[in-house]
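Chain and residue survey
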Amino acid sequence: MLEIKDIHKSFGKNEILKGVDLTIDKGDVVVILGPSGSGKTTLLRCINFLEKADSGKAAFGELQVDLHSASKKDIHAIRQKTAFVFQSYNLFNNKTALENVTEGLITGRKVPKTEANEIGKKALDKVGLSDKYDSYPSQLSGGQQQRVGIARAVALNPDIILFDEPTSALDPELVGEVLTVMKNIANEGTTMLVVTHEMSFAKDVAKRVIFMDGGVVVEEGTPHEIFVSPKEERTKKFLKRVLPEDYTFYI
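Residues numbered from 1 in each chain as written. Predicted model: local features only at pLDDT ≥ 70, side-chain atom pairs only at ≥ 80, totals over all residues. Heavy atoms only, no water.

As annotated in an unreviewed UniProt entry, the protein carries the name Amino acid ABC transporter ATP-binding protein and is attributed to Psychrobacillus soli. Turning to the protein, the UniProt record has this under Subcellular location (unreviewed entry): "Cell membrane". (UniProt positions renumbered as here; feature names shortened; annotations may be inferred.)

Moving on, we get to helix α4 (residues 113–126). Under the 1.5 Å per step criterion, the end-to-end length of α4 is 20 Å for 14 residues, consistent within 8% with the ideal 20 Å. Looking at the buried residues of α4, the elements they touch are α3 (97–108) and α5 (142–155). The first or second residue beyond α4 is Gly-128, which carries a positive phi of 80°. (Helix = DSSP H or I, 4+ residues; strand = E, 2+ residues; numbered from the N terminus. Expected span 1.5 Å × (residues − 1). Contact = heavy atoms within 4.5 Å.)

A few words now on the UniProt feature "domain: ABC transporter" (unreviewed entry) in the protein. The UniProt entry lists residues 2–239 under the feature "domain: ABC transporter" (unreviewed entry), expressed in the numbering used here. Secondary structure over residues 2–239 splits into 39% helix and 26% strand, and the C-alpha atoms at its two ends are 28 Å apart.

Another point: the pattern of salt bridges. All chains considered together, the criterion is met by 13 salt bridges. Notably, a salt bridge pairs Glu-3 with Lys-5, separated by 3.6 Å at the nearest N-O pair. The partly exposed category is assigned to Lys-5, whose relative accessible area is 42%. Where Arg-147 meets Glu-177, a salt bridge forms, and the shortest distance between an N and an O atom there is 3.0 Å. Of the two residues, Arg-147 is situated in helix α5 and Glu-177 in helix α6 (residues 172–187); the sequence distance between them amounts to 30 residues. (Salt bridge = Lys/Arg side-chain N within 4 Å of Asp/Glu carboxyl O. Buried < 20%, exposed > 50% of the residue type's maximum accessible area, 1.4 Å probe, protein only.)

Moving on, we come to unusual backbone geometry. A positive phi is found at Phe-49, a non-glycine position, where the angle reads about 60°. Along the chain, Phe-49 falls in the loop between α1 (40–47) and β4 (55–60). We classify Phe-49 as buried; its relative accessible area is 10%. The phi dihedral of Asn-90 is positive, around 55°, even though this residue is not glycine. Within the secondary structure layout, Asn-90 lies in the loop between β6 (82–85) and α3.

Here the focus is the packing of aromatic side chains. Taken as a whole, this structure holds 2 aromatic pairs when the rule is applied. Pairing Phe-84 with Phe-86 gives two aromatic rings, centres 4.6 Å apart and planes at 40°, and the pair type is tilted. The residues Phe-84 and Phe-86 share a single accessibility class, namely buried. Ring geometry for Phe-211 and Phe-238: centres 5.0 Å apart, planes at 35°, overall tilted. (Phe/Tyr/Trp six-rings, centres within 6.5 Å; stacked < 30°, edge-to-face > 60°.)

A few words on the sheet that holds β6. Taking strand neighbours across the sheet as the criterion, the 6 strands line up as β6-β7-β8-β3-β9-β10 in an open arrangement whose pairing is mixed. Two strands close off the open sheet at either side, each with one partner strand: β6 and β10 (216–221). Across the sheet, the mean angle separating the axes of adjacent strands is 20° when strand polarity is ignored. Note: strand β3 (residues 29–33) against strand β9 (residues 208–213), 4 bridges, orientation parallel. Each bridged residue has a counterpart across the sheet, and for Val-31 the counterpart in β9 is Val-209. (Pairing = 2+ DSSP bridges. Axes fitted to C-alpha atoms, helices over the stretch in contact; angles between N-to-C directions.)

Here is the structure:
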């Protein structure tokens with residue numbers, strides 16, 4: 001469904017992505033792990049044209065585009081197929097939860113307001129916020145705000161949802177509620193590409209785990225392959241640093 005070939009991206013003299021390939025099939029949940037600065041977020045942003053890649057190709061089904069020179073029409077077509085969940089929520093502070101969810105439908109996809117409201121309410125119901133339609137972001141916890149962000153993505157009914165460290169800005173006690181929502185969406189067959197440091201989510205939900213470092217894919221495999229028997233020394237060092245010594249994922 002989504003295939004990325006040889007994507008490169010630099011900021012000035014700093015080369016962030018050094019030729020990344022990525023394939024995701026319909027219904028896959030793919031988790032990207034890696035240290036800060038490894039290129040994970042930049043990869044997501046280039047896929048959705050929030051950043052322009054220096055080079056690389058992308059195929060979304062039959063739609064094939066050059067990631068550097070894509071036309072406005074192609075960019076629009078790809079954004080119709082994708083949705084992005086940001087680590088910092090990116091909600092409109094002057095709009096209610098429902099208005100935040102419906103804004104993209106009404107302005108971006110020209111869905112009539114009445115229909116958009118119906119879709120938006122169903123999306124908020126799905127993330128457990130049926131009592132928060134009229135609440136403003138300032139009246140919501142961080143976890144609730146992020147669930148609004150997820151509802152906004154779900155409402156668009158995209159082919160794939162891109163999650164950029166969706167729990168990194170949350171207080172620890174709020175992480176679980178967001179991960180539960182993400183697991184429920186994944187269990188419904190939603191295609192997801194997730195950048196996260198939540199190892200339990202990767203173990204429980206991912207079909208494939210990718211480890212990135214230094215702008216390249218170092219290793220990829222099933223969660224069992226990556227967590228239990230990683231092949232690359234760099235992967236082993238990373239996992240040793242981020243996992244507790246007594247972790248028992250597969251015991």
